[in-house]
Amino acid sequence: MPWVAAAVTIGLQIGYPLTSGDQRAAVTVFSVVAFFTASVSATALSHGPARAAAAAAAAGGIGLLAESVGVHSGWPFGDYSYGTALGPKLAGVPVVVPLAWTMMGLPALMLGRRCAARLDGTGRPAAARPTARQATTRRAVTARQAAVTALAGGATLTAWDLFLDPQMVAEDYWSWQSGGGPALNGIPVSNAAGWLLVGIVVTGALAALLPERNATASSAAEGPGGPAARARGRGRTGGAGVPADPGSRVLMVLLVWTYLSSVLANLAFFGRPGVALAGGVAMGMLLGLGVLPDRRGAARRGNLARSGT
């Protein structure tokens, strides 16, 4: 299911620039539904259906609440309103919008955790540390990583919106009131601040509902044939830029695809180099921190293993 839904998502998004009008709006809605399905089913593969459902409800609920407050009060994003192209609304917000917060919130959580582990200097989450560490040290590290995870996850969602908002405004899916202060690529800067705030809350809630497990614990809980055990048998422990379990691999593919396709689409199809630059730099820095350093670390570990040291 996760891989099929991811493939459908990518296929729909490839076709997006070739459509227009009502057909483009339909492709937008269907691609969000497919992306949502891929993210939630991938999370179910890693954490179980119950936790995945709770995470989807939390992310979607927080997104709906924030958007509903936003369209009625102008806080925290700024003064904006939705059109009719995205379908039926709930509390003034198209129903598809909370699905979008969930679909990207789950990959953002994964990247946030990878950034936190890298900044901690270990290349792995605090939960995987040796049990001999003192309890106070573990709690301090866990708290620090939780804060960095929420911040990096919120920043990932904000970077994604640097691509998203200019495109959706160009299609009249929503619009901003004039005179809203400084803007970037036609979008008020207040919107980015709002996205960062709500993104931090969304990622923090997801982190609380989807606790990390190290490879050994996951394998023991799943049994010898579980996803973590199979991944460990192939040498994929999560420290090398390739996530350790199949669900996380789907989320990583979706995240990297979103980044690359957004940069390409804005350069080649939409004629918005400023959007490609802003989103490309912002999301690229986070992906570089969460992925590329781990790959170099994996190469070093592989060399040490081959040399027998």
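Residues numbered from 1 in each chain as written. Predicted model: local features only at pLDDT ≥ 70, side-chain atom pairs only at ≥ 80, totals over all residues. Heavy atoms only, no water.

What to know about the overall build of the protein chain
At step 1: For the protein chain, the helix and strand inventory stands at 11 helices and 6 strands.
At step 2: Counting every position in the protein chain, which comprises 309 residues, the buried fraction comes to 47%.
At step 3: A separation of at least 24 residues holds for 71% of the contacts in the protein chain among residues at least 6 apart in sequence.
At step 4: Summed over all atoms, the accessible surface of the protein chain reaches about 14,000 Å², with 66% contributed by carbon and sulfur. (Helix = DSSP H or I, 4+ residues; strand = E, 2+ residues; numbered from the N terminus. Buried < 20%, exposed > 50% of the residue type's maximum accessible area, 1.4 Å probe, protein only. Contact = heavy atoms within 4.5 Å. Areas by Shrake-Rupley, 256 points an atom, 1.4 Å probe, with all protein chains shown as cover.)

Observations regarding the confidence of the model for the protein chain
At step 1: Per-residue pLDDT for the protein chain averages 85, and the proportion of residues at 70 or more is 77%.
At step 2: Model confidence for the protein chain, summarised as mean pLDDT per element, is weakest for helix α7 (residues 215-222) at 38 and strongest for strand β3 (residues 93-94) at 98.
At step 3: A low-confidence stretch, residues 215-240 stays under pLDDT 50, and its non-local contacts, those more than four residues away or across chains, total 38 contacts.
At step 4: Below a pLDDT of 50 lies the segment residues 304-309, which in the model reaches 1 contact outside its immediate sequence neighbourhood of four places, other chains included. (pLDDT = per-residue confidence, 0-100.)

Observations concerning the pattern of salt bridges
Side chains bearing opposite charge may pair, as long as their charged atoms lie close to each other.
At step 1: For the structure on display, the rule yields 2 salt bridges.
At step 2: The partner of R24 in a salt bridge is E171, with the nearest N and O atoms 2.7 Å apart. Taken together, the residues span a long stretch of sequence, with R24 in helix α2 (residues 21-47) and E171 in the loop between α5 (135-170) and β4 (174-176) at a distance of 147 residues.
At step 3: For R24, a relative accessible area of 9% corresponds to the buried category. (Salt bridge = Lys/Arg side-chain N within 4 Å of Asp/Glu carboxyl O.)

A short note on the side chain of D165
At step 1: Within the fold, D165 resides in helix α5.
At step 2: One buried charge, D165, has no salt-bridge partner; the nearest side chain with opposite charge is R272, at 11 Å.
At step 3: There is a polar contact of 2.9 Å between the side chain of D165 and the side chain of W174.
At step 4: Look past the residues within four positions of D165 in its chain and what remains in contact with it is W174, W176, I187, N191 and W195. (Lys, Arg positive; Asp, Glu negative; His and termini not counted. Polar contact = N/O pair within 3.5 Å; in protein donor to acceptor, adjacent residues only side chain to side chain.)

Considerations on the packing of aromatic side chains
At step 1: This model, assessed by the stated rule, comprises 7 aromatic pairs.
At step 2: Measuring from centroid to centroid gives 5.5 Å for Y82 and W174, while their planes differ by 75°, and the two rings are edge-to-face. Of the two residues, Y82 is situated in strand β1 (residues 80-82) and W174 in strand β4; the sequence distance between them amounts to 92 residues. The burial state of Y82 is the same as that of W174; both residues are buried.
At step 3: Each ring, one from W101 and one from W195, has its centre 4.2 Å from the other, and the planes form 15°; the classification is stacked. Here W101, found in helix α4 (residues 96-119), pairs with W195, found in helix α6 (residues 189-209); they are 94 residues apart in sequence, far enough to count as distant.
At step 4: Its relative accessible area of 2% is what places W101 among the buried residues.
At step 5: Following the ring pairs from residue to residue traces out a cluster consisting of F77, Y80, Y82, W174 and W176. (Phe/Tyr/Trp six-rings, centres within 6.5 Å; stacked < 30°, edge-to-face > 60°.)

Re the side chain of T43
At step 1: Within the fold, T43 resides in helix α2.
At step 2: The exposure class assigned to T43 is buried, which follows from its relative accessible area of 4%.
At step 3: Once residues within four sequence positions are removed from consideration, T43 is found in contact with G48, A52, L106, L210 and L251.

Here's the deal with α6
At step 1: Over its 21 residues, α6 runs 31 Å from end to end, which matches the ideal 30 Å to within 8%, given 1.5 Å per residue.
At step 2: Regarding α6, the residues found buried are N191, G194, W195, V198, G199, V202, T203 and L206. All buried residues of α6 project into a common sector of 155° when viewed along the axis, lining one side. (Expected span 1.5 Å × (residues − 1). Arc of directions from axis to C-beta.)

So, α4
At step 1: Given a rise of 1.5 Å per residue, 24 residues ought to cover 34 Å, and the 35 Å separating the end C-alpha atoms of α4 matches this to within 8%.
At step 2: A bend of about 25° at G105 is the largest found in α4, and the proline P107 appears one to four places after it.
At step 3: Buried residues dominate α4, accounting for 21 of its 24 residues. (Bend = angle between axes of the 7 residues up to and from the residue.)

With respect to the packing of α2 against α4
At step 1: Across the interface, α2 lies against α4 with an axial gap of 8 Å and an inter-helix angle of 45°. With respect to each other, α2 and α4 are oriented oblique. Where α2 crosses over α4, the handedness of that crossing is left-handed. For the pair formed by α2 and α4, the contact residues are V29, V32, V33, F35, F36, S39, V40 and T43 on the first element and V96, L99, A100, T102, M103, M104, L106 and P107 on the second. (Axes fitted to C-alpha atoms, helices over the stretch in contact; angles between N-to-C directions. Parallel < 35°, antiparallel > 145°, perpendicular 65-115°, else oblique. Left-handed = near helix turned anticlockwise from the far one by under 90°.)

Concerning the nonpolar core
At step 1: In terms of nonpolar packing, the biggest core is built from 63 residues, with F77, W101, M104, W160, W174 and M283 touching the most fellow members.
At step 2: The element that contributes the greatest number of residues to this core is α4, accounting for 12 residues.
At step 3: With sequence-adjacent residues up to four places away left out, F77 is seen in contact with A66, E67, G70, W101, W176, S190, N191, G194, W195 and V198. (Core = buried A, V, L, I, M, F, W, Y, C linked by side-chain atoms within 4.5 Å.)

Structural notes on unusual backbone geometry
At step 1: Of the consecutive residues W75 and P76, the connecting peptide bond is found in the cis state with omega at 10°.
At step 2: Following the sequence through the fold, P76 ends up in the loop between α3 (49-73) and β1.
At step 3: Its identity is not glycine, yet A91 carries a phi of approximately 55°, on the positive side.
At step 4: Relative to the assigned elements, A91 resides in the loop between β2 (89-90) and β3.
At step 5: A relative accessible area of 40% places A91 in the partly exposed class.
At step 6: Positive phi outside glycine occurs at N185, with the angle close to 55°.
At step 7: Among the secondary structure elements, N185 is positioned in the loop between β5 (183-184) and β6 (187-188).

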